[in-house]
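Tertiary structure, described
Given next are the chains, with one letter for each unit.
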Amino acid sequence: MRIEANFVSRTLRTTGLVALLSLAFGSFYYGFKPTLSVFTGIVWGMINLYFLSLLVRSSLRPEGADKASALIFLFIKFPLLYLSGYFLMTNDYFDPLLLVIGFTVSLLIIVLKAAGRALLKLDYFEENDKKESLRSA
């Protein structure tokens, strides 16, 4: 299976839409405080995925790693982002279980996107289209 360049950005857009929908409907059904816990976890997970993709893109490049930006992203992601996650988990306002549920929504969306592509065999059709276009050229 081939991962497209915009896979992370599409995942972040989908996760943002899920976060907004969960905030709107969850506030009505479950109350504002539990929904805010899940929403905050989702936002933290999105920021984590975004900085992970920036770190990987700056570290693994054909022309060599951009060490300065990789170190900046490394410093933002690990100490600052995880320290903020620790403070979110130890804060009395947010429910830790609901935060963890929110943290994992990005991973769930990635798994569902990959499963959907596999079930619909989208990669299979794209490979066959490329082979046919190479044969006709």
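That block above? That's the structure.
Residues numbered from 1 in each chain as written. Predicted model: local features only at pLDDT ≥ 70, side-chain atom pairs only at ≥ 80, totals over all residues. Heavy atoms only, no water.

Some details on the overall build of the protein
Stated precisely, the cut-off is as follows: Helix and strand assignments follow DSSP, with helices taken as H or I runs no shorter than four residues and strands as E runs no shorter than two, numbered in order from the N terminus. Only protein chains enter the accessibility calculation, which uses a 1.4 Å probe; a residue whose area is less than 20% of its type maximum is buried, one above 50% is exposed, and one in between is partly exposed. Surface accessibility follows the Shrake-Rupley procedure with a 1.4 Å probe radius. Residue values consider only the protein chains on display as shielding.
Each helix and strand in the protein was counted, giving six helices and zero strands. Helices and strands in the protein line up, N terminus first, as α-α-α-α-α-α. The buried share among the 137 residues of the protein stands at 31%. Surface summary for the protein: the accessible area is close to 9300 Å², and the carbon and sulfur share equals 72%.

As for the packing of aromatic side chains
The cut-off we apply is this: Working definition: rings of Phe, Tyr and Trp (its six-membered ring) pair if their centres are within 6.5 Å, and the pair is stacked with planes under 30 degrees apart, edge-to-face with planes over 60 apart, and tilted otherwise. Charges are assigned to positions over rings by a cutoff of 6 Å between ring centre and Lys NZ or Arg CZ, combined with an angular limit of 35 degrees from the ring normal.
Applying the stated criterion across every chain, the model contains eight aromatic pairs. Between the aromatic rings of Trp44 and Phe103, the centroid separation amounts to 4.6 Å while the plane-to-plane angle is 45°, which identifies the pairing as tilted. Linking Trp44 in helix H2 (residues 32-59) with Phe103 in helix H4 (residues 96-103), this pair joins segments that are 59 residues apart in sequence. Ring pairs connect the aromatic residues Trp44, Phe78, Tyr82 and Phe103, which therefore count as one cluster. The aromatic ring of Phe78 is capped on one face by Lys77, whose charged end is 5.2 Å from the ring centroid.

Side note on the nonpolar core
To keep things clear, this is the line we draw: Joining through side-chain atoms within 4.5 Å is the link that ties buried Ala, Val, Leu, Ile, Met, Phe, Trp, Tyr and Cys residues into a set, and such a set is a nonpolar core.
One finds Leu12, Ile42, Trp44, Leu88, Phe94 and Leu99 to be the most contacted residues of the largest nonpolar core, which totals 18 residues. Mapped by element, the contributors of at least two residues to this core are helix H1 (7-30), H2, helix H3 (67-90), H4 and helix H5 (105-120). Counting five residues, the second-largest nonpolar core is a separate cluster that includes Phe51, Leu54, Ala70 and Phe73.

So, the environment of Asp66
Rules: By the convention used here, residues are in contact when the closest approach between their heavy atoms is within 4.5 Å.
Take Asp66: it is sitting in the loop between H2 and H3. With 11 residues separating them in the primary sequence, Asp66 and Leu55 have C-alpha atoms 9.7 Å apart. Asp66 has contacts with Ser58 and Arg61, leaving out every residue within four places of it along the chain.

A few points about a nonpolar patch on the surface
Which entries qualify depends on this criterion: Excluding any residue in a salt bridge, patches collect residues exceeding 30% relative accessible area, merging like charges within 9 Å and nonpolar Val, Leu, Ile, Met, Phe, Trp and Tyr side chains within 5 Å. Salt-bridge detection follows one rule: a side-chain nitrogen of Lys or Arg within 4 Å of a carboxyl oxygen of Asp or Glu.
Taken together, the side chains of Leu17, Leu21, Phe25, Phe28, Tyr29 and Tyr30 make up a nonpolar region of the molecular surface, amounting to roughly 800 Å² of accessible area. The residue Leu21 is located in helix H1 in this model. You can call Leu21 partly exposed: its relative accessible area is 42%.

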